[in-house]
Structures are given as C-alpha cells and as structure tokens.
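Working through the structure, step by step
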Amino acid sequence: MRRMLTALTALTLAAALTVPAAHAQDAFDGGRQLGGSSQLVPRGFSGANQLPETDQKVDLERYAGTWYQVAALPQPYTVQCAHDTTAEYQMLDERTISVRNSCGTLVGPDSVIEGTATVRSDASLRVNFGGVPFQDPNGPTNYRVTYLADDYSLAVVGDPDRLSGFVLSRTPDLSPEQWSQVRGIVESRSWWSCAFLTVPMAGGRGDVAPLCTQ
C-alpha cells in the first residue's frame, strides 16, 4: 500500500513539473479533462474497509461557506493547482449544495470548477461537476466526511476507498497542535500521512511538505 501511494504521489508531482506552466490552464481546464472527482481513478486499491463517516450528521447549512484546503492527497486532476486551494459550498435545498473549487496556478488565472453535491447519507455526498466526461450523476458516493470538528472549523474528507483525501479548514493557518491533530486523524482513518501534502496558502504556511513531518 505504501509503495502504491508513494508511486501515485511521485507520478502526480512529476506531471505537475513536466506540464509547461504557460499551457497548464488550457491543458487541464479546471480539472475537467482529467475528471474533477475521484470517480475516474481506478477503485479498490485500499484493500481495507471503507472510509468511515463522522459520528455526527452533517448540517449542510453549517457546512456551507468557504473552506481552505490546507493539505491533500495529490490527485491527477489537480496538477495545475499550485497554491490557495479553496472550496465554497452553498445550500440549494435541504439535500443539495453547490460546489465551487478554485486554486491558484503558476501562470494565468485561477483554475475553477463548479458543480453540485447531493446527500447520500448523514455524512456522505455525491459530487458532480459540469463538463466532466464519463460522469454518472447517479454514481456511487465520492465525498465522505470522516471527521468534523464540533464547531465546524476543521474537516477531513475523502472518497470511500481512500483514493482521495482532503484536509479542510475555515482558516488558512493551522497551529502546530492542529497539524498534529490532523495527522492523527488521517492516520486513524488508515491513510498513510506521508502521502498527504500541505498546500501553500496566503495567510498560512507557504511550503509543500508531507503531513507525516508535522
């Protein structure tokens, strides 16, 4: 498992370095050409039980708003993202939220992709993005909240097979104690924390580093 995650991370970072910066925005089009969600990544690699949901039911109204992606398991569809990755959620109705993911690129405008997410259970949703090929709106859950702070200030989410993973915070800066907490949460959910990389963020940390070093 560790070898596989290491290879995935290495391939993702290599792709990010080899795509010419001047063409990164056109090549990836906000993630649309490579999927925009983990549904296009081969499934079943985890070899473990599915990622558990958080114990509490997610209140969509409280969950809505802006989240800063302070760390993540690198994905092929986000190689254009260099810094300041955010997710903005707004309630559309009691079972649906709008999704707007954006990030800063090395050259050119921000990369942005928009979609919707529908509730599948107390802490799981199905996210669909406009313009993404081979997408099944009625497909399986691909967004699961596995940890959520009582005050909705911090969340850890991923797909059920753990092929994606994201650490979301209401603020761009985490204290050393919070980073230690995040590492513990990620590892308790059977992810390899060294595969998660921090995201450079204005107002937060400015480096890319494995979560296991925090």
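Owing to the predicted nature of the structure, the values given are computational and were not obtained by experimental measurement.

Conventions we followed
Residues numbered from 1 in each chain as written. Predicted model: local features only at pLDDT ≥ 70, side-chain atom pairs only at ≥ 80, totals over all residues. Heavy atoms only, no water. Helix = DSSP H or I, 4+ residues; strand = E, 2+ residues; numbered from the N terminus. Buried < 20%, exposed > 50% of the residue type's maximum accessible area, 1.4 Å probe, protein only. Polar contact = N/O pair within 3.5 Å; in protein donor to acceptor, adjacent residues only side chain to side chain. Salt bridge = Lys/Arg side-chain N within 4 Å of Asp/Glu carboxyl O. pLDDT = per-residue confidence, 0-100. Contact = heavy atoms within 4.5 Å. Core = buried A, V, L, I, M, F, W, Y, C linked by side-chain atoms within 4.5 Å. Disulfide = S-S within 2.5 Å.

**Examining the side chain of Asp-159**
Within the fold, Asp-159 resides in the loop between β7 (154-158) and β8 (165-169). Under the relative-accessibility criterion, Asp-159 is labelled buried at 0%. Here Leu-163 takes part through its backbone nitrogen, which lies 2.8 Å from a polar atom of the side chain of Asp-159.

**A few points about the pattern of salt bridges**
Applying the stated criterion to the full structure yields four salt bridges. Taking the shortest distance from any N to any O, the salt bridge between Arg-205 and Asp-207 comes out at 2.6 Å. A single network of salt bridges, built from pairs that share partners, joins Glu-88, Arg-100 and Glu-114.

**Structural notes on the confidence of the model for the protein**
Mean pLDDT for the protein: 82, with 78% of residues reaching 70 or above. Across residues 1-47 the pLDDT falls below 50, and counting only partners more than four positions away or on other chains, this stretch makes 86 contacts in the model.

**Topic: the environment of Met-201**
You can see Met-201 is positioned in the segment after β9 (197-198). Given a relative accessible area of 6%, Met-201 falls into the buried group. For the pair Met-201 and His-83, spaced 118 residues apart in sequence, the C-alpha to C-alpha distance is 5.8 Å.

**With respect to the nonpolar core**
Membership of the largest hydrophobic core comes to 26 residues, with the highest contact counts inside it found for Tyr-63, Tyr-89, Tyr-143, Val-145, Leu-148 and Leu-168. Tyr-143 has contacts with Tyr-63, Tyr-89, Ala-123, Ser-124, Leu-125, Val-127, Val-157, Gly-158 and Leu-168, leaving out every residue within four places of it along the chain.

**What about the state of the cysteines?**
Overall, the coordinates contain two disulfides when judged by the stated rule. Across the disulfide, Cys-81 is cross-linked to Cys-103 (sulfur-sulfur distance 2.0 Å). Because the torsion about its S-S bond is -70°, the bridge between Cys-81 and Cys-103 counts as left-handed. Of this pair, Cys-81 sits in the loop between β1 (65-72) and β2 (83-93) while Cys-103 sits in strand β3 (residues 96-104), and the two are 22 residues apart along the sequence. The exposure class assigned to Cys-81 is partly exposed, which follows from its relative accessible area of 25%. Disulfide pairing places Cys-194 opposite Cys-212 at an S-S distance of 2.1 Å. Linking Cys-194 and Cys-212, the disulfide has an S-S dihedral of approximately 105° and is accordingly described as right-handed. A residue pair is termed long-range when its members are at least 10 positions apart, and Cys-194 in the loop between α4 (176-188) and β9 and Cys-212 in the segment after β9 qualify at 18 residues.

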